[in-house]
Amino acid sequence: MAGSLDLTTLSAPTVIEELDNEQIIARQKALFAQLWEVVRVANPLLDLPPYDVAMLETDPIVIGNEGESYRETLLRARINEAARANLLAFARKGDLDHLAAFYDVLRMLGEEDDRLVARVILAIQGRSTGGTEPRYKFIAMSADLRVQDAIVYTVGRSPLIHVAVFSTAPDGVAPSDLLAIVNAALQNPDVRMVNDTIEVASAVQQVVNLAADIWLLPDADVATVSRAETNLRTTWAAARALGRDLTVSWWTAQLMIPGVHRVAATSPVGDAIAPPASAISIGTVILTNRGRAF
């Protein structure tokens, strides 16, 4: 949902440290042993014995070292959290609100963090005054919280700009009142470029019926089949988006829950391809239990 930029593909930021409390304890032990030996050698009259800081867990020096090491770990962890709060990939809740406000984006009432991150990225990408695709998509998603996704496109050489709205409704189809709200937002003279003609419509719902043969493991109960279907539907409901294909390899993999030995697709045997302005919904799911195998 974050436009063309997927923040999860970025490498880990070097400003965020990997913390290991045991390493800090070991470092402090070694440092104390080194300093103790320096003092012992430099002051023979004190008759200090060689000191092993790992000797006893009840030793006050050991207890103090571990306590100080834990305090350092907590402090450095808090510094990590402060660094994350300034990065769009990690900022959440109030931290995200302040980061978004820097880009003139405010959280909509009831808006989840991931959706707000997506709009911030679109706002950044769409700052060109040329009426770019990200800007129009940002306006569409900012018009109403029911807009789950939107795609902005043209057909051939036609200058007509199409905006397909994918709603949060179970079938993804945008109702007429939602389309009117999005259209009003895009037609606003402060938003629409003078030479642009924009047409708003609901995304096309493409229903795909699925069928497959399924084999269970010997100790699996019969209800495993229905659980496999539930897992498929639930996972697709969270993953589907405009233009996302429903591939055989993906949907059969979702049926491979614990207790399932093998799955073979029977219909469709090929991938279901979604054009950019359409979203695929799963219709019927027929799973034929072919018995048990191992």
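Just above, that's the structure.
Residues numbered from 1 in each chain as written. Predicted model: local features only at pLDDT ≥ 70, side-chain atom pairs only at ≥ 80, totals over all residues. Heavy atoms only, no water.

Draft legend 1. How the structure looks around the overall build of the chain. Along the backbone of the chain there are 8 helices and 6 strands. Reading the chain from its N end, one meets helices and strands in the order α-α-α-α-α-β-β-α-β-β-α-α-β-β. At 29 Å, the chain has a C-alpha radius of gyration far larger than the 19 Å of a compact globule built from 294 residues. Along the first, second and third principal axes, the C-alpha set of the chain runs to 95 × 65 × 30 Å. Relative to all contacts within the chain whose residues are 6 or more apart in sequence, the contacts with residues 24 or more apart total 63%. For the chain, the computed accessible surface area is about 17,000 Å², with 58% contributed by carbon and sulfur atoms. With 25 positive and 35 negative side-chain charges, the chain shows a spacing of 6 Å between the two charge centroids. (Helix = DSSP H or I, 4+ residues; strand = E, 2+ residues; numbered from the N terminus. Rg over C-alpha atoms; globule rule 2.2 N^0.38 Å. Contact = heavy atoms within 4.5 Å. Areas by Shrake-Rupley, 256 points an atom, 1.4 Å probe, with all protein chains shown as cover. Lys, Arg positive; Asp, Glu negative; His and termini not counted. Charge placed at Lys NZ, Arg CZ, Asp CG, Glu CD.)

Draft legend 2. Summary view of the nonpolar core. Among the nonpolar cores identified, the biggest contains 33 residues, and L88, V163, V165, V182, L186 and V200 are the most heavily contacted of them. Listing elements by their share of this core, those giving two or more residues are α3 (93–102), α4 (113–125), α5 (133–143), β1 (147–153), β2 (161–167), α6 (176–187) and β3 (198–202). Ranked by the residues each element gives to this core, the list is headed by α4, at 6 residues. The contact partners of V163, leaving out residues within four places of it in the chain, are A140, I151, V152, L186, I198, E199, V200 and A201. In this structure, I214, A220, I280 and L287 belong to the second largest nonpolar core, which totals 24 residues. (Core = buried A, V, L, I, M, F, W, Y, C linked by side-chain atoms within 4.5 Å. Buried < 20%, exposed > 50% of the residue type's maximum accessible area, 1.4 Å probe, protein only.)

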